[in-house]
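# Breakdown of the fold
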Amino acid sequence: MRKSITIVGASLAGLRGAEALRRDGFNGPISLIGDEPHAPYDRPPLSKKILAGDWEADRAALTPAERFADLNLDLRLGSRATKLNVDSQTLWVDGEPEAYQGLLIATGARCRTLPGTEGMNGVHTLRSLNDCLAIRTALEAGPRRLVVVGAGFIGAEVAATAVGRGVPTTLIESLAAPLERVVGNMVGEVVAEVHRSNGVDLRCGVGVTAVHGREQIEAVELTDGTIIETDLLVVGIGVLPNTEWLEGSGLTIENGVVCDETCLAAPGVTAAGDVARWLNQRYGELMRVEHWDNAVEQGPYAARRLLVDQPADPFTPVPWFWSDQFDRKIQLAGRPSPDDEVQIVNGSIEEHRFAAFYGSHGKLRAVFGMNRPRQVMQGKNLLAQGASWQEALAVAAAWE
Ligand SMILES: Cc1cc2nc3c(=O)[nH]c(=O)nc-3n(C[C@H](O)[C@H](O)[C@H](O)COP(=O)(O)OP(=O)(O)OC[C@H]3O[C@@H](n4cnc5c(N)ncnc54)[C@H](O)[C@@H]3O)c2cc1C
């Protein structure tokens with residue numbers, strides 16, 4: 001039985017893991033090591049309420065200060081894990097070695113950047129609270145135009161929030177529609193319509209070929225030759241897992257920390273959240289999931305995994321996330337694929353309130369909802385039960 005636990009990454013997966021151990025009655029030392037200066041905070045409000053100026057930063061705290069103290073954690077903020085050796089069970093923090101007994105890796109992900117923009121004023125990515133506050137300050141200064149590159153969830157949310165603040169905004173997406181890679185073209189077109197009808201200057205099917213300006217961003221040039229003048233650029237082109245510090249550790253690193261079906265990466269080492277790539281037996285494949293709900297579930301699972309020889313069940317969630325854009329709540333449960341049949345099963349596309357099923361080979365694969373939270377949750381249950389396409393349609397037929 002391990003007497004102490006070390007968690008690297010003081011954010012959603014790491015903190016929820018520590019809390020689960022305490023809830024279970026584990027009273028040994030727990031170290032929570034994070035390289036940010038802030039106490040653990042929630043990231044979804046960074047592109048929504050905090051960026052909009054509706055919330056101050058302290059409302060994003062993951063656990064109130066008084067409850068935090070009860071957890072009795074050795075919280076080491078502003079501390080970076082720099083190296084790991086799983087054979088000798090040694091972790092280096094800010095270059096200093098220390099032994100660990102059980103280690104949970106929860107170092108999350110960081111944003112990809114646009115080549116040629118390094119160090120340029122007015123260019124931002126959004127991952128941390130500091131990023132959010134910097135963009136918020138720039139929005140408050142009244143930029144001439146915000147350009148957002150990438151209409152994935154973060155880029156689309158930033159565009160929606162900025163337009164809500166009255167900032168003229170152009171959103172650039174290289175695919176034919178926002179979110180298309182995840183939700184497919186038909187549903188992506190509805191998201192496009194939501195943005196356009198709310199005043200976003202949405203340009204799809206174009207990429208950025210050049211960024212103009214010396215110290216300060218002045219314009220972006222697109223693949224169709226258009227030049228868009230701007231003094232504020234937010235780049236939302238995806239994330240990379242934070243694994244560089246694990247090179248040579250003895251772990252397998254391939255687009256994340258590779259783990260077995262129980263989130264175990266090596267004896268005494270587990271991983272959770274955006275950094276973990278584990279074998280999800282429900283789908284029979286290694287997957288890395290960059291969603292809030294996954295970090296909330298996997299953090300506790302992977303922390304508990306360190307205290308047992310063999311867990312009763314593997315970690316087999318149905319992935320699920322939400323995104324708020326304008327007054328629409330977008331949700332997706334499951335794993336759609338480009339070949340899936342897509343059927344609207346409730347509501348209407350024209351009203352921007354609908355639920356859609358994705359299916360193939362006689363099975364329900366995913367459920368999408370726009371302002372349809374109840375239907376998405378019921379659909380998620382159907383996915384967890386492995387419902388067939390016909391069974392799922394029969395359930396949806398009874399929805400009002
Ligand atoms: C702006 C924004 C909005 C989002 N909105 C939604 C949403 O609406 N719905 C949804 O489902 N998901 C959303 N997400 C995704 C969700 O927030 C993430 O999936 C979740 O934060 C992952 O948690 P994590 O603990 O795995 O990683 P992270 O939250 O990334 O935390 C990892 C922590 O580890 C630290 N770290 C990294 N390397 C080291 C090191 N070597 N040593 C010490 N510390 C280190 C990092 O600085 C960070 O603090 C959003 C994300 C962002 C950025």
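The structure we're discussing is the one just above.
Reading guide: rules and limits
- Residues numbered from 1 in each chain as written.
- Predicted model: local features only at pLDDT ≥ 70, side-chain atom pairs only at ≥ 80, totals over all residues.
- Heavy atoms only, no water.
- Helix = DSSP H or I, 4+ residues; strand = E, 2+ residues; numbered from the N terminus.
- Rg over C-alpha atoms; globule rule 2.2 N^0.38 Å.
- Buried < 20%, exposed > 50% of the residue type's maximum accessible area, 1.4 Å probe, protein only.
- Contact = heavy atoms within 4.5 Å.
- Pairing = 2+ DSSP bridges.
- Axes fitted to C-alpha atoms, helices over the stretch in contact; angles between N-to-C directions.
- Parallel < 35°, antiparallel > 145°, perpendicular 65-115°, else oblique.
- Left-handed = near helix turned anticlockwise from the far one by under 90°.
- Nonpolar A, V, L, I, M, F, W, Y, C, P; charged D, E, K, R; others polar.

Turning our attention to the overall build of the protein. In terms of helices and strands, the protein carries 10 helices and 27 strands. The globule rule puts the C-alpha radius of gyration for 400 residues at 21 Å, and the 22 Å found for the protein is close to it. By its C-alpha atoms, the protein is 60 × 60 × 40 Å across when sized along the principal axes. Looking at the protein residue by residue over its 400 residues, the buried ones come to 53%. Partitioning the intrachain contacts of the protein with sequence separation of at least 6 by distance along the chain shows that 61% fall at a separation of at least 24.

Another aspect to go through is the sheet that holds strand 14 (residues 219-222). In spatial order, the strands read 13-14-15; together these 3 strands make up an open sheet with antiparallel pairing. Looking at strand neighbours, the two that pair on one side only are strand 13 (208-212) and strand 15 (227-229), the edges of this open sheet. If you compare each strand with its neighbour and ignore which way they point, the axes differ by 20 degrees on average. Here strand 14 pairs with strand 15 via 3 bridges, running antiparallel. Residue pairing in the sheet places Val-220 in a bridge with Ile-228 of strand 15.

The next subject is the pairing of strand 24 (residues 328-334). When you tally the buried positions in strand 24, you get 6 out of 7 residues, the bulk of the element. Of the strand pairs in this sheet, strand 23 (residues 320-325) and strand 24 are connected by 6 bridges, and their pairing is antiparallel. Among the inter-strand pairings, Phe-321 is bridged to a residue of strand 24, identified as Leu-332. As consecutive antiparallel partners, strand 23 and strand 24 are separated by 2 residues, and within that stretch Phe-326 has a phi angle of approximately 55 degrees, a positive value.

For the pair helix 1 (residues 12-23) and helix 8 (residues 292-305), the least separation of the axes is 7 Å and the interaxial angle reads 45 degrees. In terms of axis orientation, helix 1 runs oblique to helix 8. Handedness of the helix 1/helix 8 crossing: right-handed. Touching Leu-12, Ala-13, Arg-16, Gly-17, Ala-20, Leu-21 and Arg-23 of helix 1 are Trp-292, Ala-295, Val-296, Gly-299, Pro-300, Ala-303 and Arg-304, all from helix 8. Taken together, the residues that form the contact of helix 1 with helix 8 break down as 9 nonpolar, 2 polar and 3 charged.

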